[in-house]
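Okay, here's what each chain looks like letter by letter:
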Amino acid sequence: MPDDTMGGLSVRRERALAALADVPREPGAKKADPILVADDVKRQFGGLLAVDVDHVEIQRGSITALIGPNGAGKTTFFNLLTGFDRANNGSWSFNGRSLHGTPPYRVARIGMVRTFQLTKALSKLTVIENMRLGATGQRGESFWRAMFPALWRSQEDDITERAEDLLRRFKLDTKRDDFAGSLSGGQRKLLEMARALMVQPELVMLDEPMAGVNPALTESLLEHVKDLREQGMTVLFVEHDMDMVRDIADWVIVMGQGKILAEGPPEAVMSDHKVIDAYLGAHHDQSLAELEEQLEGGALAEEVAAELGQEGAAADDEAPTAKADTTPPGTTEDEAPTTTEGDGAQTADVTAEAAGAARNNGDDKGGR
Ligand SMILES: Nc1ncnc2c1ncn2[C@@H]1O[C@H](COP(=O)(O)OP(=O)(O)OP(=O)(O)O)[C@@H](O)[C@H]1O
């Protein structure tokens, strides 16, 4: 919970905003105290350059949103930074330490963890077992420690205590001994976030935390994300739900066709023409908020559907299946995608999906 508040904003949020106040609103802008810096990162899939990031910095202690239409390269960029996929080129560092070629478990141990768009909670393990797994790779795995049961037993106790604390914080303690597979989509997202915190990270990367979350849990999830900053962590999250972005992000970075297109505070970025153009090319003179309102009203949805109907026919002939191909090599989904439970992110998803699909019709050909 916030350590203190100033004029309705927590001290941590005030600090994050102050640190970003003088940052130029331009792609690749330098930050006062970056926790993560990436340079010239490229990832190619066949003929498709999915990620082509010249330079990006993430400000420590802030909540940064990474937005962009479907297929912009956001998840692939996350995968590269966290070692779940290999870049063709580039370098990136966390707290000044190069992470190029570092495997995911070590990246997590160093203090940078991520969650997945499709949750990775292991269905056939209980909630507490999932939590305890989140702490793997810690002290107890060393050979010498394993020789001294007293040492690993005390560590086991610490791990269980931390897991139980987190479960209480995330209001999952009553589910402690249930199978993860029996949880709702939203509860799994909470479990995944709680599990990520088992390694006591400094940077938490959340890939679409709101996707598949029931409206009843939306508020609680938002509060948990804000709470990460309150506890001194840095958050970088991918999201299509613009309400969430507006509500919690201190800074927004926009990706389109693999590149960083724009950066700035949420309101400034969402009314930036380059950004609107990336989402829906034809509607230059409106903000994303106006586009969302129109989508809710149905007028724009019809227009988009008509546009997609025309282009969709061509795409059907040429483009291979979209989402099945986006799982990067070496990343396995241990279960079926969580079903959407009618959350508020749908409208924004439609916007982004429409834009992504429209763009990808031309771009993905032969790329996968
Ligand atoms: N393993 C893969 N093989 C081939 N193409 C891939 C692979 N992974 C991603 N791509 C392609 O790279 C591009 C970027 O995909 P990515 O999933 O990173 O986008 P995204 O911005 O995260 O989209 P979304 O918002 O839909 O999650 C897309 O065109 C996608 O189809």
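Fair warning: this is a prediction, and the values are worked out from it, not measured in the lab.

Caption draft 1: How the structure looks around the overall build of the protein. Summing up its helical and strand segments, the protein has 14 helices and twelve strands in all. Per-residue burial over the protein gives 48% buried out of 368 residues. In the protein, 71% of the contacts between residues at least 6 apart in sequence involve partners at least 24 apart. Total accessible area on the protein is roughly 16,600 Å²; 52% of this is exposed by carbon and sulfur atoms.

Caption draft 2: Main features of the side chain of aspartate 207. With respect to the secondary-structure elements, aspartate 207 resides in strand 9 (residues 203-207). In terms of polar contacts, aspartate 207 uses its side chain to reach the side chain of threonine 75, at 2.9 Å.

Caption draft 3: Main features of unusual backbone geometry. One non-glycine residue, asparagine 95, lies in positive phi territory at about 50°. Its location among the elements puts asparagine 95 in the loop between strand 6 (89-94) and strand 7 (97-98). Phi at glutamine 257 is positive, roughly 50°, even though this residue is not glycine. Inspection of the secondary structure assignment puts glutamine 257 in the loop between strand 11 (251-256) and strand 12 (259-264). By relative accessible area, which is 45% here, glutamine 257 ends up partly exposed.

Caption draft 4: Summary view of helix 7 (residues 185-196). Its twelve residues give helix 7 an end-to-end C-alpha distance of 17 Å, which sits within 8% of 16 Å, the value for a rise of 1.5 Å per residue. Burial runs high along helix 7: twelve of the twelve residues are buried. Considered for burial, the residues of helix 7 that qualify are Gly185, Gly186, Gln187, Arg188, Lys189, Leu190, Leu191, Glu192, Met193, Ala194, Arg195 and Ala196.

Caption draft 5: Helix 2 (residues 74-81), seen in detail. Where burial is concerned, most of helix 2 is hidden: seven out of the eight residues are buried. The complete set of buried residues in helix 2 reads Lys74, Thr76, Phe77, Phe78, Asn79, Leu80 and Leu81. Downstream of helix 2 by one or two residues, glycine 83 has phi in the positive range, about 85°.

Caption draft 6: Local environment of the pattern of salt bridges. What the rule picks out here adds up to 21 salt bridges. Between aspartate 227 and arginine 169 there is a salt bridge; the shortest N-O distance is 3.9 Å. With a gap of 58 residues between them, aspartate 227 in helix 8 (residues 215-230) and arginine 169 in helix 6 (residues 149-169) connect regions that are remote in the sequence. Given a relative accessible area of 28%, arginine 169 falls into the partly exposed group.

Caption draft 7: Inspection of the packing of aromatic side chains at higher detail. Scanning the model with the defined rule gives one aromatic pair in all. Sitting above the plane of the phenylalanine 84 ring, arginine 114 keeps its charged end 5.3 Å from the centroid. The residue whose ring lies beneath arginine 114 is phenylalanine 116, and the NZ or CZ to ring-centre distance is 4.0 Å.

Caption draft 8: The arrangement of the nonpolar core in detail. Grouped together as the largest cluster of nonpolar side chains are 49 residues, with contacts concentrated most on Ile67, Met131, Phe170, Phe237, Val245 and Val252. Ignoring any residue separated from it by four or fewer positions in sequence, one finds methionine 131 in contact with Ala163, Leu166, Leu167, Leu191, Ala194, Arg195 and Met198. Counting residues in hydrophobic clusters, the runner-up holds 32 residues, among them Ala29, Leu80, Ala87 and Ile110.

Caption draft 9: Main features of the pairing of strand 10 (residues 234-238). Among the five residues that make up strand 10, five are buried, leaving the element largely enclosed by the rest of the structure. Here strand 10 shows two buried faces, one formed by Thr234, Leu236 and Val238 and the other by Val235 and Phe237. Bridging between strand 9 and strand 10 involves five bridges; their strand directions are parallel. Along strand 10, the bridge assignment pairs aspartate 207 with valine 238. Handedness of the crossover joining strand 9 and strand 10 through helix 8: right-handed.

Caption draft 10: Fine view of the pairing of strand 5 (residues 63-67). Most of strand 5 sits inside the fold, with five of its five residues counted as buried. Here strand 5 shows a buried face lined by Ile63, Ala65 and Ile67 and a second buried face lined by Thr64 and Leu66. Both strand 5 and strand 10 contribute to a ladder of four bridges, which runs parallel. Considered in strand 10, the bridge of alanine 65 is made with phenylalanine 237. Relative to strand 11, strand 5 is paired through four bridges, and the arrangement is parallel. Counted as the bridge partner of leucine 66 is isoleucine 253 from strand 11.

What counts, and where the lines are drawn
The residue count restarts for each chain, going from 1 along the sequence in the order it is written. Where local features are concerned, this predicted model is filtered to residues with pLDDT of at least 70; where side-chain atom pairs are given and counted, the filter is 80 or more; whole-chain, interface and lining totals use all residues. Side-chain calculation: all heavy atoms of the structure are included, whereas hydrogens and water are not. Secondary structure elements follow DSSP: runs of H or I of four or more residues count as helices, runs of E of two or more count as strands, with numbering from the N terminus. Under the scheme applied here, a residue whose accessible area is under 20% of the maximum for its type counts as buried, over 50% as exposed, and between as partly exposed, the area being computed with a 1.4 Å probe on protein chains only. By the convention used here, residues are in contact when the closest approach between their heavy atoms is within 4.5 Å. The method behind every accessible area is Shrake-Rupley, applied with a 1.4 Å probe, and residues are considered shielded solely by the protein chains displayed. The term polar contact refers here to a pair of N or O atoms within 3.5 Å; inside protein, the definition further demands a hydrogen-donor-capable atom paired with an acceptor-capable atom, and it admits residues adjacent in sequence only when both atoms are side-chain atoms. Helix span, expected: 1.5 Å multiplied by one less than the number of residues in the helix. Salt bridges are defined as contacts in which a side-chain nitrogen from Lys or Arg sits within 4 Å of a carboxyl oxygen from Asp or Glu. Stacked, tilted and edge-to-face are the three classes applied to pairs of Phe, Tyr and Trp rings, where Trp contributes its six-membered ring and a pair requires centres within 6.5 Å; stacked means planes under 30 degrees apart, edge-to-face means over 60, and tilted covers the rest. Our definition puts a charge over a ring when NZ of Lys or CZ of Arg is within 6 Å of the ring centre and also within 35 degrees of the ring normal. Only buried Ala, Val, Leu, Ile, Met, Phe, Trp, Tyr and Cys residues count toward a nonpolar core, and they belong to the same one when joined by side-chain atoms within 4.5 Å. Strands are labelled as partners when DSSP assigns at least two bridges between them. Here a crossover is taken to be right-handed if, once the strands point away from the viewer, the path from the first strand over the helix to the second is traced clockwise.

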